[in-house]
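# Structural description and commentary
Here is what each chain is made of, one letter per residue.
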Amino acid sequence: MGFDQYHEPPDELPAETRTFARLCASLTEEAEAIGWYEQRLAVEPNPVARDIMRNAIGEEYKHFSMDLEFLLRQKPEWREIAQGILFQGGDIVEHGEAAEEAATNEDDPTVDVLPASGASLGIGSLKGRRQ
Amino acid sequence: MSRNHLLRSHAPISDAGWALIDEEARERLTVALAARRLVDFSGPHGWEHSSTNLGRTDPIAQAPCDGVVATRRRVLPLAEVRAPFTVARDELRAGDRGAPDVDLEALDRAARNLAVAENKAVFHGWAEAGIQGITEATPHPEVPRGSEFNDYPRPVAKAVELLLQCGVGGPYGLALGTEDYTGVIETAEHGGYPLFDHLAKILEGPIVWSPGVAGAVVVSQRGGDFLFDSGQDIAVGYDRDDAENVHLYLEESFSFRVATPEAAVAIAPG
């Protein structure tokens, strides 16, 4: 197999950057798999096959989410922006713009010391989350 | 959005100390904030967000001049809720040195208090803040629990049937007060089948440990029935410090309204 996830010579990259790139590649693969299962489920009439695919897509949701959480833990700014967007109601683009602005204003001395999510702990909605 | 009202930069707390406090608060709150697992959440809209739009108006009897009629918008003001706590400066210094057992007990208590306040306001109402709770709004009669937890599927099934009868679809969630939750998870029905799993099959939705809830409440999870409006989502702020302690607080602002009163049924405490 190749090492397509690297855009720079791997032996010049630090170990943590190689790990980061592997998980980025994994995240992409899981998202692709979710898209594929979604398409298959849209056309598959056999109920047993559908049950299996539903089970499989659940696995992909889990893998995607674990990959994402790992990557967000490595990059505080990415995490901060994500916390302003994910699991929120309302306008996604509006949240995105606000979260980006909050994250990129961190060096502004007029801005207070903040938790990673901006002004709050970033708890938001817990619907659908395990207790 | 103003982010300075928390005054965190004025606190004698290192970045590592803030990270420790925020993470502990997040962990404790996430477990206990039951209402957020079962109702729709809008926001956070920021500290400046002061009221929830109800889309309703009240008449104004007298207009400024002849030839016009006037109404006044009706809104639901947000409530600010604050739970103070202290952290010993010695403990913060220990945390900076890498101690794994920093005493944040007062923070844990504050987190539980705030979560209970939020859960109670959502499920049982808070008249002083203008919030009508789910169990106050529902037109359905309370379903009696019965004395044995073995019989718990009966009131839950009855509640689901009441919801179905008035056209409220599922899946359904179950907010269990702490006593009922303990009773449910301790109980295996005849044949050893866990009661928890049986209830999950009836509801097809989450069963949630809900400190502050009296008895239990079955709520539809189809969405659009129960609306939590968050202004400032829960944050840790700084109040003051002295030689021994740093005085902090957990704070949030929110309102809550019931859009579909018939989408919930209360199960009476035993």
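Predicted, not measured: the structure shown is a model, and the values here were computed from it.

## Some words on the overall build of chain A
Along chain A, the regular secondary structure elements total four helices and zero strands. Burial status across chain A gives 19% buried among its 131 residues. The contacts of chain A with a sequence gap of at least 6 include a subset with a gap of at least 24, amounting to 45%.

## What about the overall build of chain B?
A tally of regular secondary structure across chain B gives eight helices and eleven strands. In terms of its C-alpha atoms, chain B occupies a principal-axis envelope of roughly 75 × 60 × 25 Å. Burial status across chain B gives 42% buried among its 270 residues. The contacts in chain B between residues at least 6 apart in sequence include a share of 78% that link residues at least 24 apart.

## Here's the deal with the nonpolar core
When a protein is soluble and globular, its nonpolar side chains tend to lie buried together. One finds L29, A175, V217, V218 and V219 of chain B to be the most contacted residues of the largest nonpolar core, which totals 75 residues. It is helix α4 (residues 105–124) of chain B that provides the largest number of residues to this core, a total of eight residues. With residues up to four places along the chain from it excluded, the contact list for V218 of chain B reads V156, A159, V160, L163, Y172, L174, A264, V265 and I267 of chain B. Formed by five residues, the second largest nonpolar core is a distinct cluster that contains I81, A99, A102 and A103 of chain A.

## Considerations on the interface of chain B and chain A
With 30 residues of chain B at the contact, the number on the chain A side is 18 residues. Within the residue set of the side of chain B that touches chain A, elements represented by two or more residues are α1 (15–32), α2 (35–38), β1 (40–42), β6 (207–209) and β9 (235–241) of chain B. Per element, the largest residue contribution to the side of chain B that touches chain A is seven residues, and it comes from α1 of chain B. In terms of residue class, the side of chain B that touches chain A is made up of 16 nonpolar, six polar and eight charged.

## A short note on the environment of P206 of chain B
All names here are of chain B. Structurally, P206 can be placed in the loop between α8 (195–203) and β6. Overall, the presence of 22 C-beta atoms within 10 Å leaves P206 in the buried class. On a C-alpha basis, the gap between P206 and D239 in space is 38 Å, while along the polypeptide they are 33 residues apart. Look past the residues within four positions of P206 in its chain and what remains in contact with it is R37 and G173.

## What to know about unusual backbone geometry
Geometrically, the link from G43 of chain B to P44 of chain B is a cis peptide bond, its omega value of 5 degrees lying close to zero. Mapped onto the elements, P44 of chain B comes out in the loop between β1 and β2 (51–60). Each neighbour pair has its own omega, and for G170 of chain B with P171 of chain B the value is 0 degrees, a cis peptide bond. In this structure, F87 of chain A is a non-glycine residue whose phi angle is positive, near 60 degrees. Positive phi values are uncommon outside glycine, yet E204 of chain B reaches one of about 60 degrees. E204 of chain B gets classed as exposed once you count the C-beta atoms within 10 Å, which come to 12.

## Thoughts on the pairing of strand β10 (residues 245–258) of chain B
Residues and elements named next belong to chain B. Among the 14 residues of β10, ten are classified as buried, and the element is accordingly described as predominantly covered. Judged from the ten bridges that link them, strand β4 (residues 79–88) and β10 form a sheet pairing that is antiparallel. Looking at β10, one finds that R82 is bridged to E251. Pairing analysis gives five bridges linking strand β8 (residues 226–230) to β10, with the strands arranged antiparallel. Residue pairing for β10: D229 is matched across the bridge by S255. Counted along the chain from β9 to the antiparallel partner β10, the turn is three residues long.

## Digging into the sheet that holds strand β5 (residues 172–176) of chain B
All names here are of chain B. The sheet built from four strands is open, its strands ordered β6-β5-β7-β11 with mixed pairing. Looking at strand neighbours, the two that pair on one side only are β6 and β11 (264–267), the edges of this open sheet. Strand-to-strand twist of the sheet, defined as the mean angle between neighbouring strand axes without regard to direction, takes the value 20 degrees. Bridge analysis of β5 against β6 gives three bridges, and the strand direction is parallel.

## Some details on the packing of α1 of chain B against α4 of chain B
Residues and elements named next belong to chain B. The N-to-C vectors of α1 and α4 enclose an angle of 40 degrees; their axes lie 9 Å apart at closest approach. Note that α1 runs across α4; the crossing there is right-handed. Counting all contacts with α1, which are made through I21, E24, A25, R28, L29 and A32, the residues of α4 involved are L107, D108, A111, R112, L114 and A115. The residue inventory of the contact of α1 with α4, partitioned by class, reads eight nonpolar, no polar and four charged.

## Quick word on the packing of helix α6 (residues 153–165) of chain B against α8 of chain B
Residue and element names in this part refer to chain B. Two elements in contact, α6 and α8, have axes whose closest approach is 10 Å; the angle formed by their N-to-C orientations is 10 degrees. Here α8 runs roughly parallel to α6, going by the angle between their axes. Each of P153, V156, A157 and V160 in α6 lies in contact with α8, whose residues at this interface are H198, L199, I202 and L203. A class-by-class count of the residues in the contact of α6 with α8 yields seven nonpolar, one polar and no charged.

## A closer look at the confidence of the model for chain A
Looking at chain A as a whole, the pLDDT averages 85, with 86% of positions reaching at least 70. Here residues 107–114 of chain A is modelled with pLDDT under 50, and outside its nearest four sequence neighbours on either side it reaches 15 contacts, counting other chains as well.

What counts, and where the lines are drawn
Residues numbered from 1 in each chain as written. Chains lettered and ligands numbered in written order. Predicted model: local features only at pLDDT ≥ 70, side-chain atom pairs only at ≥ 80, totals over all residues. Helix = DSSP H or I, 4+ residues; strand = E, 2+ residues; numbered from the N terminus. Buried ≥ 20, exposed ≤ 12 C-beta atoms within 10 Å, placed from the backbone. Contact = placed C-beta atoms within 7 Å. Core = buried A, V, L, I, M, F, W, Y, C linked by C-beta atoms within 7 Å. Nonpolar A, V, L, I, M, F, W, Y, C, P; charged D, E, K, R; others polar. Pairing = 2+ DSSP bridges. Axes fitted to C-alpha atoms, helices over the stretch in contact; angles between N-to-C directions. Left-handed = near helix turned anticlockwise from the far one by under 90°. Parallel < 35°, antiparallel > 145°, perpendicular 65-115°, else oblique. pLDDT = per-residue confidence, 0-100.

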